[in-house]
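Survey of secondary and tertiary structure
So the chains spell out like this:
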Amino acid sequence: MRKEFICAARDLSTWSRPGARQAARARLGSSGIQQIRKLYSPAVLADERSREHVSELVARGARVRIAATALPHETITIDRRFAILAGLNAPEGREYTMTTASSLVGGIHTLFEAAWETATDLTAFLHGDQPQLDAKSRTVLRALGSGATDETAPRELGMSLRTYRRWVAELLDVLGAGSRFQAGMRADELGLHG
């Protein structure tokens, strides 16, 4: 039984084959996969059929995020044991490579996680209510979510206590939160924790 399926693609055509979308819909609810995450470039939302398909994936339990820009590489990883990479579009067609080499699969997974971390949850993207957080803000948000004290977190982040508290105050303002707890709740709603 597969436990994790993650995919990064520019749009829905990268991994397409006749009937693949219908088969994916049929298997999604009964596959036994515990976590499905899909990361797309904004191009996936260019046409109504694609938007409907992606929204249906979310309705069936998949987590979908939209990257700020086009994704330079398209991959699938399964259970952090297998990876499939799609080559560039070429006149003779695309080339696909599959690997089980743990160092390659691990590297691909790490790159996916980095891209996932900075992407926007589909619902927030569609509603345009996603706050724009830079990498430092997201790091401070993770520290807040970890439960680290105000004395420990800045030391781990390599900043002063005063700077850390300023970042926290700015995050509360950006997220429209009156407390750190509310900031965590709002970040969860927007899919900002990762």
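Model, not experiment: these values are computed from the prediction. (Residues numbered from 1 in each chain as written. Predicted model: local features only at pLDDT ≥ 70, side-chain atom pairs only at ≥ 80, totals over all residues. Heavy atoms only, no water.)

**A few points about unusual backbone geometry**
Test applied: Relative accessibility decides the category of a residue: with a 1.4 Å probe and only protein chains considered, values under 20% of the type maximum give buried, values over 50% give exposed, and everything between is partly exposed. Only runs of H or I of at least four residues qualify as helices and only runs of E of at least two qualify as strands under DSSP, and these elements are numbered from the N terminus.
Positioned with a positive phi, Asp79 is a non-glycine residue whose angle comes to about 55°. Relative accessible area serves as the criterion here: at 19%, Asp79 is assigned to the buried category. A positive phi angle, near 55°, is found at Arg80, a position not held by glycine. Residue position: Arg80 is located in the loop between β4 (74-78) and β5 (82-86).

**Observations concerning the layout of surface pockets**
The criterion, for reference: Here a cavity means grid points, on a 1 Å grid over the protein atoms only, where a 1.4 Å probe fits yet cannot get out; a pocket means an open set of points with protein on both sides within 12 Å along at least five of seven lines; lining residues are those with an atom within 4 Å of a point. Grid points are joined across faces, edges and corners, and a volume is the space filled by probe spheres set on the points. The residue classification treats Ala, Val, Leu, Ile, Met, Phe, Trp, Tyr, Cys and Pro as nonpolar and Asp, Glu, Lys and Arg as charged. All others, Gly included, are polar.
In this structure, the second largest pocket spans a volume of roughly 230 Å³. Along its surface, the second largest pocket is lined by Ala8, Leu39, Leu71, Pro72, His73, Thr75, Leu85, Ile108, Leu111, Phe112 and Ala115. A per-class count over the lining of the second largest pocket returns 9 nonpolar, 2 polar and no charged.

**Side note on the packing of helix α5 (residues 135-146) against helix α7 (residues 161-174)**
Here is the rule we go by: In this analysis an axis means a line fitted to C-alpha atoms, helices contributing only their contacting stretch, and an angle means the value between N-to-C directions, from 0 to 180 degrees. These descriptions rest on fixed angle ranges, namely under 35 degrees for roughly parallel, over 145 for roughly antiparallel, 65 to 115 for roughly perpendicular, and the rest for oblique. Contacts are assigned to residue pairs that have any heavy atoms within 4.5 Å of one another.
At a minimum axis distance of 10 Å, the contact between α5 and α7 shows a crossing angle of 95°. Classified by the interaxial angle, the pair formed by α5 and α7 is roughly perpendicular. Counted together, Lys136, Ser137, Val140, Leu141, Ala143 and Leu144 of α5 and Tyr164, Trp167, Val168 and Leu171 of α7 form the full contact between these two elements. Residue classes in the contact of α5 with α7 are distributed as 8 nonpolar, 1 polar and 1 charged.

That's the geometry; what it means functionally is another story.
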